[in-house]
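# Descriptive analysis of the structure
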Amino acid sequence: MNYGKKLLLKGVPVIFNKKGAEISIGDGCTIKSSFLSNLVGLYSRTIIVTRRPGAYIRIGNNVGISGATIYARKGIAIGDNTAIGGNVKILDNDFHPIEFEERNMLLNDENGGNSDMVPAKEISIGRNCFIGCNSIILKGTVLGDGCVVGAGAVVAGKFKDNSVIVGNPAKVIKTLN
């Protein structure tokens, strides 16, 4: 794990980096993990996890994170100056197969959580984005620079720069200048 200068931790995050995986955190980042560190009300500490060898989480400079979960089986990139609101989930995988037969196979798989049976796809979040509290960013999502994700949105897909994205399923309601 690599982290830059002036990393500010408010509370103690949970960080797990699988052997052979990469977590990097840029300069000037703030990670909030204590209940009162963000008055929106954090449900848990920030959790940053790489789950497989070769997975990566790359967090740019001046990124703020509040009680979020960032969980990578493949890869998650977060651009500079992005704000990740309270209780956000950024998940590049489904945690289990959709079909029950494959779920049952996974339960008996000797590799357990390292199985290739879990669908995963990289996530890219641009620079200068804002992700509102309680949002979920799902596998394969691409957010261009300057995107704003409304509170509670469930986001999947590709979104152009400066999109304002809200709802479940999330959709663009306007583009910022």
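Each remark here, short or long, concerns the structure printed above.
Residues numbered from 1 in each chain as written. Predicted model: local features only at pLDDT ≥ 70, side-chain atom pairs only at ≥ 80, totals over all residues. Heavy atoms only, no water.

## Considering a nonpolar patch on the surface
Judged by side-chain polarity, M1, Y3 and I15 come together as a nonpolar surface patch covering roughly 310 Å² of accessible area. Within the fold, M1 resides in the segment before β1 (2-3). (Patch = residues over 30% accessible without salt bridge, like charges linked within 9 Å, V, L, I, M, F, W, Y side chains within 5 Å. Areas by Shrake-Rupley, 256 points an atom, 1.4 Å probe, with all protein chains shown as cover. Salt bridge = Lys/Arg side-chain N within 4 Å of Asp/Glu carboxyl O. Helix = DSSP H or I, 4+ residues; strand = E, 2+ residues; numbered from the N terminus.)

## What to know about the packing of aromatic side chains
On inspection of all chains with the given rule, the structure shows 1 aromatic pair. Aromatic pair Y71 and F95: ring centres 4.6 Å apart, planes at 45°, arrangement tilted. Of this pair, Y71 sits in strand β9 (residues 69-72) while F95 sits in the loop between β12 (89-91) and α1 (100-107), and the two are 24 residues apart along the sequence. The class for F95 is partly exposed, based on a relative accessible area of 38%. Directly above the ring of Y56 sits R58, whose terminal nitrogen or CZ lies 3.9 Å from the centroid. (Phe/Tyr/Trp six-rings, centres within 6.5 Å; stacked < 30°, edge-to-face > 60°. Buried < 20%, exposed > 50% of the residue type's maximum accessible area, 1.4 Å probe, protein only. Lys NZ or Arg CZ within 6 Å of the ring centre and 35° of its normal.)

## Digging into the environment of P119
Summarising the element assignment, P119 is placed in the loop between α1 and β13 (123-125). Here the alpha-carbon distance between P119 and D94, two residues 25 residues apart in the chain, equals 5.8 Å. Not counting residues up to four positions away in its chain, the partners in contact with P119 are D92, N93, D94, H96, P97 and K139. (Contact = heavy atoms within 4.5 Å.)

## As for the side chain of T141
Positionally, T141 belongs in the loop between β15 (136-137) and β16 (142-143). Here the side chain of T141 touches L138 through a polar contact of 2.7 Å, landing on its backbone oxygen. When residues no more than four places from it in sequence are discounted, the contact partners of T141 are E122, I123, S124, V155, A156 and G157. (Polar contact = N/O pair within 3.5 Å; in protein donor to acceptor, adjacent residues only side chain to side chain.)

## Focus on the pairing of strand β20 (residues 163-167)
Bridge count for strand β17 (residues 148-149) against β20 is 2 bridges, and the pairing is parallel. Across the sheet, the residue bridging to V149 is I165, located in β20. The loop that links β20 with its antiparallel partner strand β21 (residues 170-175) comprises 2 residues. (Pairing = 2+ DSSP bridges.)

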